[in-house]
Every structure is written in structure tokens, then in C-alpha cells.
Amino acid sequence: MPRYAGLTLRVLGTRAAAIGPGKAELIERIDETGSISAAARAMGMSYRRAWQLAEALNRDFREPVIATAVGGERGGGARVTPFGRRIAALYRRMEDSASRAIARDVREFERHLRRRR
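Residues numbered from 1 in each chain as written. Predicted model: local features only at pLDDT ≥ 70, side-chain atom pairs only at ≥ 80, totals over all residues. Heavy atoms only, no water.

Caption draft 1: Here's a closer look at helix H1 (residues 21-33). Taking 1.5 Å per residue as the helical rise, H1 with its 13 residues ought to reach 18 Å, and the 18 Å between its terminal C-alpha atoms agrees with that figure. When we look at burial in H1, the residues that qualify are Lys23, Ala24, Leu26, Ile27 and Ile30. The buried residues of H1 occupy an angular sector of 160° when the element is viewed end-on, so they sit on one face. Elements that come into contact with the buried residues of H1 comprise strand E2 (17-19), helix H2 (36-43), helix H3 (47-60), strand E3 (66-69), strand E4 (77-80) and helix H4 (82-110). (Helix = DSSP H or I, 4+ residues; strand = E, 2+ residues; numbered from the N terminus. Expected span 1.5 Å × (residues − 1). Buried < 20%, exposed > 50% of the residue type's maximum accessible area, 1.4 Å probe, protein only. Arc of directions from axis to C-beta. Contact = heavy atoms within 4.5 Å.)

Dropping the structure here:
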């Protein structure tokens, strides 16, 4: 069963959402590109906002999620730690579980909505 598109899962930490769809996607994009700025561009997000989210991820979890390197001769970069990959995968599994749990109720609910024209 595909993930229900209308579901937004946010897992709360002590100060704010520890992870939600945006942070999970940011982790995945950084893992793909090796760059916070490239991940931000792919998401249509400012570099500053992406950097803030990366810092929040590292602050809110017990282990680093994203490791960064300052620019130099070969430029900087970012990489997702093995722990960060596990966090993103766990979040996606939770989304899938939540989608399965509400699937029947969503189908019933949708029967009560007007059809789009």
C-alpha cells in the first residue's frame, strides 16, 4: 500500500519536532548529494534554512545525524552519518505504519467528500 499523501507525521522532541517530513527529506537529499546547499536547492529551500535544520537535527539527537566539513582546497561538504541513515529509515517506516493503520478509515472518510470537478 502506498503511503497516504495526506499524512504528515511529526515526532516531537523536547523543544520542537525532532523529525518530520522536511527534516527526513533533508537527510535523504544530503545523503544523495553530499551537500547541504545542493539538498536545499533540490527542495526549493534556502541554504540558511537547510543549515538550521541540519543543526537542529544534530542538537536534538544523541548522536550526530549530519557531519559537515568546512570549505577548503576541495570545498566543504556534508555527509549523513550511519546513525542519520537509521533515523531517516526509521522515520519512513513510521510513516508507512501510520498509513497502513489509517487506510481503512481514510477510504471511508473519502466517501463523504464531494468529488472534484
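Let's pick the thread back up.
Caption draft 2: Up close: H4. Relative to the 42 Å expected for 29 residues at 1.5 Å per residue, H4 spans 39 Å between its end C-alpha atoms, a close match to the ideal helical length. Of all the bends in H4, the greatest measures close to 50° and is centred on Ala103. Taken residue by residue, H4 has Phe83, Gly84, Ile87, Ala88, Tyr91, Arg92, Glu95, Ser99, Ala103 and Val106 as its buried positions. Packing partners of the buried residues in H4 comprise strand E1 (11-12), E2, H1 and E4. (Bend = angle between axes of the 7 residues up to and from the residue.)

Caption draft 3: How the structure looks around the pattern of salt bridges. Scanning the model with the defined rule gives five salt bridges in all. The closest approach of N and O atoms between Arg92 and Glu28, which form a salt bridge, is 2.8 Å. Placement of Arg92 in helix H4 and of Glu28 in helix H1 is noted, with a sequence separation of 64 residues between them. Owing to a relative accessible area of 27%, Glu28 belongs among the partly exposed residues under this scheme. (Salt bridge = Lys/Arg side-chain N within 4 Å of Asp/Glu carboxyl O.)

Caption draft 4: Local environment of the packing of H2 against H3. The contact between H2 and H3 brings their axes to 9 Å, and the two run at 115°. Where H2 crosses over H3, the handedness of that crossing is right-handed. Between H2, through Ile36, Ser37 and Ala40, and H3, the contact on the second element is made entirely by Tyr47, Ala50, Trp51 and Ala54. Residue composition of the contact of H2 with H3, grouped by class: six nonpolar, one polar and no charged. (Axes fitted to C-alpha atoms, helices over the stretch in contact; angles between N-to-C directions. Left-handed = near helix turned anticlockwise from the far one by under 90°. Nonpolar A, V, L, I, M, F, W, Y, C, P; charged D, E, K, R; others polar.)

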